Amino acid sequence: MLDTDFIIDLMTRHEGAVALLNDIEASDEPQFVSSVTLFELYHSLARVDQPDERRQNIQAVLEDRPVLDADSDVMTTAGQLHGRLVADGNEVGPLDVIIGATGLVHGESVVTGNEADFERIFAAAEPPLAVGLTTYDK
């Protein structure tokens, strides 16, 4: 599952992200996105100088990539994860926790440049679940 951070890097043609996408596409792995990623990407339109161009970039990157919804199973998992992280003094932003929970619930690896936060999210899972984390050099 492609994290927002990764998609933004693709839209800005970040070398590491583009190279990783080429590898993913060559492997025929599915390329899901979380519904939270849609929120984060479209939220950004109000904060850029050229929202029409940004919208076109978002649509091009998201084309043919199925969306995994933040349903009740995802939100329950996310709430538990976030609660554990906060209690341990290891808080991660709630939207990243929801994206991580989406990957956990659906058994999908997360592709991100934000390795530190997602490692903490996955470490908070009880019991630990075998979900991969794919990263690239920022």
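Every value quoted in this text rests on a predicted model; they were computed, and no experiment measured them.

1. Here we look at the nonpolar core
- Counting 21 residues, the largest nonpolar core has Leu81, Val97, Ile121 and Phe122 as the members making the most contacts within it.
- Of all the secondary-structure elements, those providing two or more residues to this core are helix H5 (72-87), helix H6 (94-106) and helix H7 (115-123).
- Here the element with the most residues in this core is H6; it accounts for 5 residues.

2. Quick notes on the pattern of salt bridges
- Considering all chains together, one arrives at 6 salt bridges under this definition.
- Measuring nitrogen to oxygen at the nearest pair gives 2.6 Å for the salt bridge that ties Asp9 to Lys138. Here Asp9, found in helix H1 (residues 4-11), pairs with Lys138, found in the segment after strand E4 (133-134); they are 129 residues apart in sequence, far enough to count as distant.
- Of the residues examined, Asp9 reaches a relative accessible area of 9% and is grouped as buried.
- Of the charged contacts in the structure, one is a salt bridge between Arg65 and Glu25, with a shortest N-O distance of 3.7 Å. Here the residue Arg65 occupies a position in the loop between helix H4 (51-62) and strand E2 (67-68), and Glu25 occupies one in helix H2 (residues 15-27), the gap between them amounting to 40 residues.
- Salt bridges sharing common partners tie together Asp5, Asp9 and Lys138.

3. Remarks on unusual backbone geometry
- Positive phi, normally seen in glycine, also occurs at Arg13, with a value near 60 degrees.
- Inspection of the secondary structure assignment puts Arg13 in the loop between H1 and H2.
- Since its relative accessible area comes to 63%, Arg13 is described here as exposed.
- In this model, Asp64 sits at a positive phi of 65 degrees, which is unusual for a non-glycine residue.
- When you line up the elements, Asp64 lands in the loop between H4 and E2.
- Assessed through its relative accessible area of 73%, Asp64 is described here as exposed.

4. So, the environment of Gly103
- Among the structural elements, Gly103 can be located in helix H6.
- Using a relative accessible area of 0% as the deciding quantity, one classes Gly103 as buried.

5. Regarding the packing of H5 against H6
- Here H5 crosses H6 at 125 degrees, and the two axes come no closer than 8 Å. Put simply, H5 runs oblique to H6. Along this stretch, H5 crosses H6, giving a crossing that reads as right-handed. For the pair H5 and H6, the contacting residues are Asp73, Val74, Met75, Thr77, Ala78, Leu81, His82 and Leu85 in the first and Pro94, Val97, Ile98, Ala101, Thr102, Leu104, Val105 and His106 in the second.

6. Digging into H5
- With 16 residues, H5 should reach 22 Å at 1.5 Å per residue; the first-to-last C-alpha distance of 22 Å fits that figure.
- Of all the positions in H5, only Val74, Ala78, Leu81, His82 and Leu85 are classed as buried. Looking straight down H5, one finds that the buried residues subtend no more than 100 degrees of arc, so they occupy a single side. Of the exposed residues in H5, those oriented more than 90 degrees away from the buried face are Ser72 and Ala87.
- Looking at the buried side of H5, the elements it contacts are H6 and H7.
- For H5, the capping residue at the N-terminal end is Asp71, with a side-chain oxygen 3.2 Å from the backbone nitrogen of Asp73.

Conventions we followed
- Residues numbered from 1 in each chain as written.
- Predicted model: local features only at pLDDT ≥ 70, side-chain atom pairs only at ≥ 80, totals over all residues.
- Heavy atoms only, no water.
- Core = buried A, V, L, I, M, F, W, Y, C linked by side-chain atoms within 4.5 Å.
- Buried < 20%, exposed > 50% of the residue type's maximum accessible area, 1.4 Å probe, protein only.
- Helix = DSSP H or I, 4+ residues; strand = E, 2+ residues; numbered from the N terminus.
- Salt bridge = Lys/Arg side-chain N within 4 Å of Asp/Glu carboxyl O.
- Axes fitted to C-alpha atoms, helices over the stretch in contact; angles between N-to-C directions.
- Parallel < 35°, antiparallel > 145°, perpendicular 65-115°, else oblique.
- Left-handed = near helix turned anticlockwise from the far one by under 90°.
- Contact = heavy atoms within 4.5 Å.
- Expected span 1.5 Å × (residues − 1).
- Arc of directions from axis to C-beta.
- Polar contact = N/O pair within 3.5 Å; in protein donor to acceptor, adjacent residues only side chain to side chain.

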